[in-house]
Amino acid sequence: MKGAIVATIVAVSIAFAGEQFAMSDADRAMYEEMLQNNPADIFVEEGGELFEEMIGGEVVMAKFLGIKEEKLPNYIAGFPRYIKKMGAVVGLDQVMQAILAEKKKKPLKLDDPKMFSMLAYVKSLANGEKINININADKHIKASYKLGEKTYMTQRGGRGLSCNSCHSKDIIGTILRTQPLPDLGDNASGGTWPAYRMTKSNLTTLQKRFQGCMENALLAVIPIGSKEMVALEVYVNKLATDKQKEIAIPGLKR
Amino acid sequence: MQPKTAFLSGVATCIVACSGAYAVDLTKAYESPNASKIIKKDLLKPAKKYTMPKTCKLEDPAAIERGKYIFHNLNGEDAKETPPEGLSKFIETKDKSGKVTKTAKQYGNCVACHNIEGAKGGGNIGPDLTTYRANFVDTKVRNTNFVYQKIADARIDNPKTHMTINLTSGLFSPSEICDLTAYVMATK
């Protein structure tokens, strides 16, 4: 038994040498173990129960979105989308809010941990699907993509940084204070959040992750669900779509 | 459900979410807070050219010491060592009612991107600044004004820079940029 653990640690250390050197050997071993058994699985499961109870399950969601139930996974892999009756490009969490309102049920905030769990569950329905955001589907998503790109490129905050300052093509892979700068397309960021964040020991969403970068880099943090946040999500999903990445929820992140 | 209760709960939802009609207005049935104002207030000003102030004392050991501290630390909350004289870990601001709020002083965190003498966990996004004086200053490849400008607003030298903008952004004062310049240029 002990031998097996040591062997795993050695194997993992080799696999991650260089690539994830912001982690200590012990953290790397934990990461490998969590890859087999993601602590966020339990949130996804809980999200499934809540989704059934509060929303009414996949049937209700498919009906709200005006699609056949068996089309749901592929359709989910193309979010955020323009939903005509909601009048905007929205995320799946906002769709769930609208369903709750339509059913005249108690509203649930976007930053409620229950909402994060439900979002993780709903997105996990698309596991294995290629992320397939189509920014030419209509003028609304086109505009949202443009806004996302603009928000991504805008230098602001105390240090005059933009998302692009740290995640542009010519800089990814270099080291920022022991952390390799990730390519958000290659990392399939659009398809791997909600994820378990080891440093926070919790389930975190993509928009919360954006907020984390804003806070660290001294950009004024913008609220979840704002059109700029949804637009950033569109932009980041497009990066992953271009790299033909698949949805794999829940992700596991440092 | 009884028709009466259904009607009542419909009205209750309408008070918060509807625009007069009986059915729920789905365009208002979800959170969509405004971020444009926050972003607008936070925008970086256009690139600006600076001349190093005459008051900059590049050879002053106290200035070099302050520059070193700003270079190696992220902010007053994270900084472990006591700051040198002339720097503090927190900034206190008083509002109109006289209430004082303490916020962590932001430093340069230059090591996040640059290696330099004594760097712990230095990054490699920017060039290695080790033996900067011997390599770049004594050889006349760089001068004081270049270094001051680079730290104050790197866009003048490189419009597409990935470096932080430290003076035009308002994060630091000209004398703090002097301190950083003094430290980078000093023989260590």
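See the structure above.
Computed from a predicted structure; not experimentally measured.

Undergrad: Help me understand the state of the cysteines, please; the structure alone is not making it clear to me.
TA: Note on terminology: a disulfide is the covalent bond linking the sulfur atoms of two cysteines. For the structure on display, the rule yields one disulfide over all chains. Disulfide pairing is shown between Cys56(B) and Cys178(B); the S-S distance is 1.8 Å. As the torsion about the S-S bond is roughly -95 degrees, the Cys56(B)-Cys178(B) disulfide counts as left-handed. Here Cys178(B) lies in helix H6 (residues 174-185) and Cys56(B) lies in the loop between helix H2 (36-42) and helix H3 (61-72), a separation of 122 residues in the sequence. Comparing Cys56(B) with Cys178(B), the two get one shared label, buried. Take Cys110(B): it sits in no disulfide, and the sulfur closest to it among the cysteines is that of Cys113(B), at 8.5 Å. The thiol sulfur of Cys113(B) is not disulfide-bonded, and the nearest other cysteine sulfur, from Cys166(A), lies at 6.8 Å.

Undergrad: Quick question: what am I supposed to make of the pairing of strand S1 (residues 90-94) of chain B here?
TA: One face of the sheet, then the other: side chains in a regular strand alternate in exactly this way. Residue and element names in this part refer to chain B. One ladder, built from five bridges, connects S1 with strand S2 (residues 100-104); its direction is antiparallel. Opposite Ile-91, over in S2, you have Thr-103 as the bridge partner. Between S1 and the antiparallel strand that follows it, S2, lie five residues; Gly-98 among them carries a positive phi value of about 90 degrees.

Undergrad: Would you explain H3(B) in this entry?
TA: Since one α-helical turn is 3.6 residues long, residues separated by three or four positions face the same way. Residue and element names in this part refer to chain B. The end-to-end C-alpha distance of H3 is 17 Å, a good match for the 16 Å that twelve residues give at a rise of 1.5 Å each. Regarding H3, the residues found buried are Ala-63, Ile-64, Arg-66, Gly-67, Tyr-69, Ile-70, Phe-71 and His-72. For H3, the secondary structure elements touched by its buried residues are H6. Taking the backbone nitrogen of Ala-62 as reference, a side-chain oxygen 3.0 Å away marks Asp-60 as the first, capping residue of H3.

What counts and what doesn't
- Residues numbered from 1 in each chain as written.
- Chains lettered and ligands numbered in written order.
- Predicted model: local features only at pLDDT ≥ 70, side-chain atom pairs only at ≥ 80, totals over all residues.
- Heavy atoms only, no water.
- Disulfide = S-S within 2.5 Å.
- Helix = DSSP H or I, 4+ residues; strand = E, 2+ residues; numbered from the N terminus.
- Buried < 20%, exposed > 50% of the residue type's maximum accessible area, 1.4 Å probe, protein only.
- Pairing = 2+ DSSP bridges.
- Expected span 1.5 Å × (residues − 1).
- Contact = heavy atoms within 4.5 Å.
- Polar contact = N/O pair within 3.5 Å; in protein donor to acceptor, adjacent residues only side chain to side chain.

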